[in-house]
Amino acid sequence: MKKRELISLFLIICLALSLLSGCQSHVNAPAVTGEEASGETGSGRAAETARLVDTLKLAGGTDWGMPSPYLHVARGPGQAKMRLVFASLLEKDETGDVPWLAESWSFEGNDYSFTLFEGLSFQDGEPLTTEDVAFTIDYFRQYPPVTNTLGVGESFIIESYSIVDDYTITITVKEADADTLSNLGSFVILPKHIWENVEDPYTYNVPDCLVGSGAYMCTGYEGATGSYEFTAFDGWVNGQQAAQRILFVPVSDELLAFENGEIDIASMPADLKDKYMNDPEIGFVEKADDMGYKMLINFEKLPEFLDISLRQGVYAALDRQSIVDNVFRGMGSVGSAGYVPESSLFYNEDVVKYDYDPELAKEALGDKGFEISLLTDDSADGISIAEIVKNGLEAAGMEVTVMAVDSAGRDDRVNKGDYDFAIVGNGGWGNNPPSYMRTLFSDKSKYLSTSPASMGPRGYSNEEMTALAEGQLKETDFEKRKEMFKELELLVSEEIPLIVLANQSSYSIYRQDYYDGWMKTYAYQQAEQNRLSYMVR
Amino acid sequence: MKRICLIALALMLLVLLFAWGVLFYPMDAELPSGGSLEAPSAEHWLGTDNLGIDIFAQISKGFFHSLSIGLATALAAFLIGGVLGVAAGYAGGKTDVLVEFLINLFLSVPQLPIMIVAGAFFGQSSLNIICIIAAFSWAPIAKQVRARTMSLRRSGYLVLARSYGGGLWYLFKTHMSRDIMPLLAISSLAVTGRAIVQESSLAFLGLSDPLAKSWGLMIARCTAFKGIYFTNFWTWWLLPPVLSLVLSTLLLRLLTRALESYWLEKE
Amino acid sequence: MKKKILLLLCSFVVIYLVNFTIPRLMPGDPFDYQSAAAGEESSTEMTEELKEYLRAYYGLDKPFFTQLWENVKANLRGDLGYSIHYKQEVSVLLLERLPWTALIMFSALVLSLILGTALALLGLRRKKLEGGLYALLSLVGELPHFLVGILLLFLVAARVDWLPLSGAVTAFGIYYSEWDWIEDVLLHALLPVAAMTLVTVPGFYFTARASFLGILERPYILAAKAKGLKEGRIRWHYVFRNALPPIVARFFLSVGGAIGGTMLVENVFAYPGLGTIMREAVKYRDYPLIQGVFLLSTLLVLLSLFAADMINALNDRRKGGSL
């Protein structure tokens, strides 16, 4: 009897050990070390000399999916990793569109022509031609990728294309507007020779799906630990990669890892700002006002608030500066009533400003006996903001119950209109142009997106606002478009379709003497997610 | 008996301390009353958290939050476990088979995964947390009560009383409650302690009421704070909720133990 | 025995149904989450059309019972479905994570079993020690796993250079031999296992102690003593061997609690096991993944319960035979 028990115990231990070792070798150290190694891998070394640094290490730890167009997670970091491996026709720098796979481009009416660089190849060595671009368009029409700028089904923006030669392709869109070039420039190109045989791209996860067209190859990915390794692709023709390898390493504490030199760039907590600001070795990337919080009023449930004096009263009731001071720890600004944050190129200084004025608020809101629920997500910041809003509104004579649910639950309620007041926070407020203004304030586009971040106010409509929000998209002249945005902001600040609470800025810190190439594009502030941050420029 | 008094006294002291913290301590548990992450001082006994909210005030409020969740859960488990246990043990037959199945079902489910899913599903209010924890606490109580009732049912005086036509409620009140009530009460007290721990575990995973100043939530916030390892913030931000949690759970546990052995001796 | 098996099967069916239903009733769906950039930077947004397309692709637009039926059929084929968030087969994801959870859990349980039994044996010899041990362990056993984990994290890991704070292996670590790798894994597992073990040892100690005391009262021990057998021989041949079955049964009974504990401790140490992925799956409303983790842990627990029942039954029969 006891033998059997002992044996079973032994078996369990063996099972655990065998599971653990996974029956595969983990030895990966180079066979030889030191100078000998560089001699042995001669060709690889020669290519490396052009790089600024050998490795760039970033904080990983989260699984953002395989960096492939159909497999990455639909969030900024997942998309950015995919875009390192897969290239699109154009890229953006600080001021405008720049060549990426396409060396030059031109457009006239609905026709957009792109001419590719010569000598382009995929990471498996096969040449990349306009044939692949055309294939990708057809393939994306049939199977929309995770990050999709081309639209789905009826709203697919491309009408047709014609291949001029191996290097030039003309794409005809259904209706050209201000965003068309950006949309056509940013879809990633798939290798035809691999994907033409793939029937179900959403489950195609063999190594082939990582053969990309970009400047870096994905040479290591482990989902469970959230680690990624990208290696510079020697066949890339448009410029030089800045690093031989980019690593996303899981870290327990980002800042601790940065201090220990385990990673090269980290986000900085507000409370340690002074410490790093005075350090000359530390460089900063500021993401000004990029995160923003707004409060939606559900006019379908609370039609009383269609009276503008009540909305002015809500603004007067809120101590929005205390959100910046206490929740953002000073890193941010009080939101502009015109929605576009102050630091944006498109900001209109003339927007109406609403000050914290408890007396005024009491006059407008008091004795009306409003009882509302305030929906927020359950993040620490979301709840703190909700508490500040609640305190302000209650002081003005309203009854407020805060309801905090997890973000999926919050989104569901906002999308379905199941709320009175709702606080929604999201990133990307610093993007230029502020194309989010259209889905927020146009009656026509309000429900196009399914994200509460760009969900417009329910039960509110305004023709003038709609005309401006839709009109800017058609305007291809930059200065005129900017003017239209400013006009829209002014109108929004006067009419108050929603309450803008506050914007939060964030900083990334890095060691200047090691690598200084981190950049923001004119449209996107996340340096860690921009491809040009990893190129010699 | 002396031990029971001692432990109860310690618990009372804890309750008084925290009651004082809620009622008379001048700092607010909801609003910032100082700078961010101030070290303990005469003004802020245990310092402040990242939002500048006083920690002692939060701990005090958290105590009553935890305690009320624990007691409410215990009450629910007491009622469900008691009723089902007595019913199964007394009635036997089909009722017994069904209740036994339910007991075994709830005893065999992996609790934490189902709590995570249920917590996300039912929403994160305190009431839901109570329901979820109670759902997983009644089974052991019911099991004990059922066994006890069964053995009582066979005892001579109950058989006799039943033959005189005594109703179930009468039988329970006059003959069974003396034996079953202490058992129920002690098990429920044990549930209180366990519920406090489970609530804080769920809160740590972000699945409890996010508005309540619960200890688990404080712990979660602190451990998620960037750069916490190379500052000494954790000594006043993390340790107080951890120690309070440990202290109150242990005191409750000790009390349960002491009562248990007291009751056994009396038997 | 048949009744037990029937009960376990019924439990399994009920749990399976609950597990299928609840995630689908949760507010929000997997595509909502993907399209909502709550609190994070993202320029990807989904239109309602794309969401419809994906919903149809994953079969989530079908009626509830059709989904259930197809799910059962797929599961019977061994197909756990496809994770919507991670775009991977659920079975692949689970196989990636299971070894780490199993490592933590079984190491902790085995260690607890050995330690618990050893402490109980020690207690038998030194009565003085026993009182303190009993009081101490009965308190430690009440602590929640995650608290012990956090205390170890802050009091030990953050102060000691050679102990990692999180993870299961050093990222992109370089290993000169297989032993280097094993050492790295063991270092990472040390604190999570310690946290688990501290909390589970008391259970084993009490079981072992009760079992030993029970055996010591048996007449054959008295007979052995009367025969003048050596103390050590009695302890080993009679007491230890006969007391073992309940302790081993305890091992299997502990699996249920240990799974929950491991999941919490994993979250403390950011250990890449089932606990961390479960939490993410719930956050992202990734139905197939939630179901997969759940199914796996349920199976593990039910099988362990079954094993415990078997051991107890065998033990009872043996006792019945020998007495």
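Residues numbered from 1 in each chain as written. Chains lettered and ligands numbered in written order. Predicted model: local features only at pLDDT ≥ 70, side-chain atom pairs only at ≥ 80, totals over all residues.

Attention now moves to the overall build of chain A. Broken down by element type, chain A carries 17 helices and 17 strands. Against the compact-globule benchmark of 24 Å for 537 residues, chain A has a radius of gyration of 26 Å, which places it among compact chains. Each of the three principal axes of chain A carries a C-alpha extent, and together these read 80 × 80 × 55 Å. Long-range contacts, defined as pairs at least 24 residues apart, comprise 71% of the intrachain contacts of chain A with a sequence gap of at least 6. (Helix = DSSP H or I, 4+ residues; strand = E, 2+ residues; numbered from the N terminus. Rg over C-alpha atoms; globule rule 2.2 N^0.38 Å. Contact = placed C-beta atoms within 7 Å.)

With that settled, consider the overall build of chain B. A tally of helices and strands in chain B yields 11 helices and zero strands. Ordered by position in the sequence, the α and β elements of chain B form the string α-α-α-α-α-α-α-α-α-α-α. With the principal axes as the frame, chain B shows a C-alpha extent of 75 × 45 × 25 Å. Expressed as a percentage of the 267 residues in chain B, the buried residues total 49%. Sequence-distant contacts, at least 24 apart, represent 70% of the contacts inside chain B between residues at least 6 apart. (Buried ≥ 20, exposed ≤ 12 C-beta atoms within 10 Å, placed from the backbone.)

Residue and element names in this part refer to chain C. Interaxial distance between helix H5 (residues 90-125) and helix H6 (residues 127-140) falls to 6 Å at its minimum, and their mutual angle equals 140°. Here H6 runs oblique to H5, going by the angle between their axes. Crossing geometry of H5 relative to H6 is assigned as left-handed. In this structure, H5 contributes Leu 119, Leu 122 and Gly 123 to the contact, and H6 contributes Leu 129, Glu 130 and Leu 133. Of the residues that constitute the contact of H5 with H6, the class distribution is four nonpolar, one polar and one charged. (Axes fitted to C-alpha atoms, helices over the stretch in contact; angles between N-to-C directions. Parallel < 35°, antiparallel > 145°, perpendicular 65-115°, else oblique. Left-handed = near helix turned anticlockwise from the far one by under 90°. Nonpolar A, V, L, I, M, F, W, Y, C, P; charged D, E, K, R; others polar.)

Ile116(B), Ile219(B), Ile104(C) and Val293(C) are the most contacted members of the largest nonpolar core, which totals 154 residues. With 17 residues, the top contributor of residues to this core is helix H10 (residues 231-269) of chain C. When sequence neighbours within four positions are dropped, the list of residues in contact with Ile219(B) reads Phe204(B), Leu238(B), Pro241(B), Val242(B) and Ile150(C). Ala74(A), Met82(A), Cys218(A) and Val251(A) belong to the second largest nonpolar core, which has 74 residues in total. (Core = buried A, V, L, I, M, F, W, Y, C linked by C-beta atoms within 7 Å.)

Our next topic: the confidence of the model for chain A. Put simply, chain A has an average pLDDT of 85, and 91% of its residues get 70 or more. In this model, residues 32-48 of chain A is a region of pLDDT below 50 whose contacts with residues beyond four sequence positions or in other chains number seven contacts. (pLDDT = per-residue confidence, 0-100.)

Another point: the pairing of strand E4 (residues 102-108) of chain A. Pairing of E4(A) with strand E5 (residues 111-116) of chain A, which is carried by six bridges, proceeds in the antiparallel orientation. Along E5(A), the bridge assignment pairs Glu108(A) with Asp111(A). (Pairing = 2+ DSSP bridges.)

The next subject is the interface of chain A and chain B. At the junction of the two partners, chain A supplies 20 residues and chain B supplies 17 residues. Elements with a minimum of two residues in the side of chain A that touches chain B: helix H8 (254-259), helix H13 (380-395) and strand E15 (399-405) of chain A. Classifying every residue of the side of chain A that touches chain B by side-chain character gives nine nonpolar, three polar and eight charged.

Bringing the packing of helix H4 (residues 111-122) of chain B against helix H11 (residues 274-283) of chain C into the picture now. At a minimum axis separation of 10 Å, H4(B) and H11(C) run at an interaxial angle of 20°. What the angle tells us is that H4(B) and H11(C) run roughly parallel. Note that H4(B) runs across H11(C); the crossing there is right-handed. On the side of H4(B), the interface is formed by Pro113(B), Ile116(B), Val117(B) and Ala120(B), while H11(C) contributes Met278(C), Arg279(C) and Val282(C). The residue inventory of the contact of H4(B) with H11(C), partitioned by class, reads six nonpolar, no polar and one charged.

Before going further, it helps to spend a moment on the environment of Leu211(B). Assignment of secondary structure puts Leu211(B) in the loop between helix H8 (168-204) and helix H9 (215-224). Each C-alpha atom, one on Leu211(B) and one on Glu30(B), is 9.6 Å from the other, the two residues being 181 residues apart in sequence. In this view, Leu211(B) contacts Ile383(A), Val402(A) and Ala404(A); residues no more than four positions away in its chain are not counted.

This next bit is on unusual backbone geometry. One non-glycine residue, Asp289(A), adopts positive backbone phi at about 50°. With respect to the helices and strands, Asp289(A) occurs in strand E12 (residues 282-297). Of note, the phi angle at Ala270(C) is positive, near 45°, even though the residue is not glycine. Looking at the secondary structure, you find Ala270(C) in the loop between H10 and H11.

All names here are of chain A. Reading across from one edge, E4-E5-E7-E6 is the order of the four strands in this open sheet, with antiparallel pairing throughout. Unpaired on one side and paired on the other, E4 and strand E6 (158-163) mark the two borders of the sheet. Looking at each pair of strands side by side, their axes are set apart by 20° on average, direction ignored. Of the strands in this sheet, E5, E6 and strand E7 (168-173) are in contact with helix H5 (residues 130-142), which crosses E6 at around 160°.

So, about H10(C). Since there are 3.6 residues in each turn of an α-helix, residues three or four apart along the chain are aligned in direction. Residue and element names in this part refer to chain C. Between its first and last C-alpha, H10 extends only 45 Å over 39 residues, short of the 57 Å set by a 1.5 Å rise per residue. The largest bend in H10 comes to about 45°, at Gly 256. Of all 39 residues in H10, 28 are buried; the element is thus mostly enclosed. One or two residues past the end of H10 sits Ala 270, with phi positive at roughly 45°. (Expected span 1.5 Å × (residues − 1). Bend = angle between axes of the 7 residues up to and from the residue.)

Looking now at the domain arrangement of chain A. Note: interface size is frequently given as the accessible area lost on complex formation between the parts. Residues and elements named next belong to chain A. Each assigned domain of chain A is listed with its residue range as follows: domain 1 (36-250 + 514-534) and domain 2 (291-505). For domain 1 versus domain 2, the distance between C-alpha centres works out to 35 Å. Contacts between the two partners involve seven residues from domain 1, matched on the other side by nine residues from domain 2. For the side of domain 1 that touches domain 2, a count of residues per class yields four nonpolar, one polar and two charged. (Domains from an automatic or database assignment.)

What follows deals with the environment of Ser373(A). Here Ser373(A) shows up in strand E14 (residues 371-377). Other than its neighbours up to four places away in sequence, Ser373(A) contacts Thr401(A), Met403(A) and Asp420(A).

Residue and element names in this part refer to chain A. Every second residue of E5 is oriented toward a common face, the buried set being Tyr 112, Phe 114 and Leu 116 and the non-buried set Asp 111, Ser 113 and Thr 115. Hairpin remark: E4 followed by E5, antiparallel, with two residues in the connecting loop; positive phi at Gly 109, about 55°. Two elements, E5 and E7, share five bridges in a ladder whose sense is antiparallel. From the neighbouring strand, Ser 113 faces E7, where its bridge partner is Thr 170.

As a further point, take helix H7 (residues 156-163) of chain B. Within H7(B), only zero of the eight residues are buried, which leaves the element largely exposed. In the segment just after H7(B), Gly165(B) is the residue with positive phi, at about 90°.

The next point concerns the confidence of the model for chain B. On average, residues of chain B score 84 in pLDDT, and 99% of them are at 70 or above. Here H7(B) stands out as the least confident element of chain B, with mean pLDDT 72; helix H2 (residues 55-91) of chain B is the most confident, with 91.

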